[in-house]
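Each chain, letter by letter, is given below.
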Amino acid sequence: MSRKNRHNGKLKLFGSKPISTNVFFKFNRSSAYPLIKASSLDSGVTTELDAVSNFSEIVPDTVIFDDFERFPPTAGTVSSSLLLGICSLPDTIFRNSVDMALADSACSGLDNPELRLSCFVDKALVNVGADLAKLVPGRVSTEVDARLAYDTHGIIRKVHDLLKLYNDVNVPPERLLFKIPSTCFAQAAAAAQAGASVIQIFVGRLRDWARNHSGDPEIEAALRRGEDPGLALAAKTYNYIHKYGHKSKLMAAAVRNKQDLFGLLGVDYIIAPLKVLQTLKESTTAPDEKYSFLRRLSPENAVNYHFTDNELSLASAMGPASVELLAAGLDGYVNQAKRVEELFGKIWPPPNV
């Protein structure tokens, strides 16, 4: 069991394995992503998408470029999952980026098959990431191999390797984020202390877990208060960041419906599926409507949030939900990374390159 110490709202972790946090680390600070706005229908009526965009930056959850005109993305993510999708669609604009990675002479010259495939994957991630950087105004996040989740030095080496590759294709560090997956309040708090630029919470996944499991003190406490466990975790993380003066931004993902999104207003970034964005865009709201859009989270309210010793305790925060979701999430990312390597091994060398 790891020893812990608390001081001024900070978790001090000693003797533990490196924590895998669902965070984005950036290099050099840059301006925030521009807001997504839907056009007003007339001078007195706006869409619900306009209304919610006043409180949070809304990021469409899509990699299909036909959707970009309707919901222009402000940022991009490149991952093993995206590479698998690209390889399944030969006509996608990114396919050439993958083929060029597989034709890279430096990677091809490696004798060790495992190192060669890893090199191909890194090159493909960066090539696609560079293409995304030309298409979005914000930052591009790149997935770090989940097999390094408990290897702090390995993560650092991998990030520096990716940074060098991005530099070779003229993508500056301030356009980049690097993502390591998982979910847990204790880890989010530790990530905020470490200076993580963006911390991501998967709201819907906690709700899914709660429907089929029990015994997690954090989730059961939220349910007793009549709160959704995913929304409660997002609120607690937001309040922790702002109460204790951390600079991290909070991003909410796995948003399933409009009610989720309304409950997250005030969170810095909300990744929303296209069906939710379309519903918001098609729904209008007039100034005199009784229904009002309220900011649920704010730095001012966070100052008054009271954290109990239990909430700031690692033992309390790492309940069954956190442990199981972390393991399942990492397994999923690891399996995707392996599938990409297996696929690259089958199609290397690519034709016509």
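So, here is what we can say about the structure in this document. Here the structure is a predicted model, which means the values were calculated and not measured. (Residues numbered from 1 in each chain as written. Predicted model: local features only at pLDDT ≥ 70, side-chain atom pairs only at ≥ 80, totals over all residues. Heavy atoms only, no water.)

Counting secondary structure elements, the protein contains 15 helices and twelve strands. Counting across all 353 residues of the protein, residues that qualify as buried make up 52%. By sequence separation, contacts in the protein at least 24 residues apart represent 75% of the contacts at least 6 residues apart. Only carbon and sulfur atoms are counted for the fraction: they give 52% of the accessible area of the protein, which is about 17000 Å². (Helix = DSSP H or I, 4+ residues; strand = E, 2+ residues; numbered from the N terminus. Buried < 20%, exposed > 50% of the residue type's maximum accessible area, 1.4 Å probe, protein only. Contact = heavy atoms within 4.5 Å. Areas by Shrake-Rupley, 256 points an atom, 1.4 Å probe, with all protein chains shown as cover.)

Moving on: the environment of Val128. Mapped onto the fold, Val128 is located in helix H5 (residues 113–135). Classification of Val128 by relative accessible area gives buried; the value is 0%. Taking the C-alpha atoms as reference points, Val128 and Leu82, separated by 46 residues in sequence, lie 9.2 Å from one another. Apart from the residues within four sequence positions on either side, Val128 is in contact with Val78, Leu82, Leu83, Ile86, Phe94, Ser97 and Val98.

The angle between the axes and the distance between the axes are what describe a pair of packed helices. Contact pair helix H7 (residues 185–193) / helix H10 (residues 229–243): the axes reach a minimum separation of 10 Å and the direction vectors enclose 25°. Between H7 and H10, the angle falls in the class roughly parallel. Taken as a pair, H7 and H10 cross one another with a handedness that is right-handed. Seen from H7, the contacting residues are Phe185, Ala188, Ala189, Ala192 and Gln193; seen from H10, they are Leu233, Lys236, Thr237, Tyr240 and Ile241. For the contact of H7 with H10, a count of residues per class yields seven nonpolar, two polar and one charged. (Axes fitted to C-alpha atoms, helices over the stretch in contact; angles between N-to-C directions. Parallel < 35°, antiparallel > 145°, perpendicular 65-115°, else oblique. Left-handed = near helix turned anticlockwise from the far one by under 90°. Nonpolar A, V, L, I, M, F, W, Y, C, P; charged D, E, K, R; others polar.)

Taken as a whole and judged by the stated rule, the model has one disulfide. The disulfide partner of Cys107 is Cys119, and the S-S distance across this bridge is 1.9 Å. Residues Cys107 and Cys119 are joined through a disulfide that is left-handed, its torsion about the S-S bond being -65°. Of the two residues, Cys107 is situated in helix H4 (residues 105–108) and Cys119 in helix H5; the sequence distance between them amounts to twelve residues. (Disulfide = S-S within 2.5 Å.)

A side chain of one charge can pair with a side chain of the opposite charge when the charged atoms of the two come close. In the structure shown here, the tally under the stated rule is twelve salt bridges. Residues Lys123 and Asp104 are paired through a salt bridge, measuring 3.6 Å at the closest nitrogen-oxygen approach. Of this pair, Lys123 sits in helix H5 while Asp104 sits in the loop between helix H3 (95–102) and H4; the two residues are 19 residues apart in sequence, bridging distant segments of the chain. For Asp122, the salt bridge identified is with Lys158, shortest N-O distance 2.9 Å. In this pair, Asp122 sits in helix H5 while Lys158 sits in helix H6 (residues 152–168), placing the two residues 36 residues apart along the sequence. Here Lys158 falls in the buried class, since its relative accessible area comes to 13%. (Salt bridge = Lys/Arg side-chain N within 4 Å of Asp/Glu carboxyl O.)

Time to look at helix H12 (residues 274–282). Here H12 has its buried residues at Leu274, Val276, Leu277 and Leu280. Buried residues in H12, looked at end-on, bunch into an arc of 160°, giving them a common side. In H12, those exposed residues whose orientation departs by more than 90 degrees from the buried face are Lys275 and Glu282. Tucked inside the fold, the buried residues of H12 contact strand E4 (46–47), helix H1 (48–53), strand E5 (57–60), helix H11 (258–263) and strand E11 (269–272). (Arc of directions from axis to C-beta.)

Let us look at the packing of H5 against H6. Relative to each other, H5 and H6 sit at 55°, their axes nearing to 10 Å. By the angle class used here, H5 and H6 are oblique. With respect to the hand of their crossing, H5 and H6 are arranged in right-handed fashion. Residue-level inspection shows Ser118, Asp122, Lys123, Leu125, Val126, Gly129 and Ala130 of H5 in contact with H6, the latter providing Lys158, Leu162, Leu165 and Tyr166.

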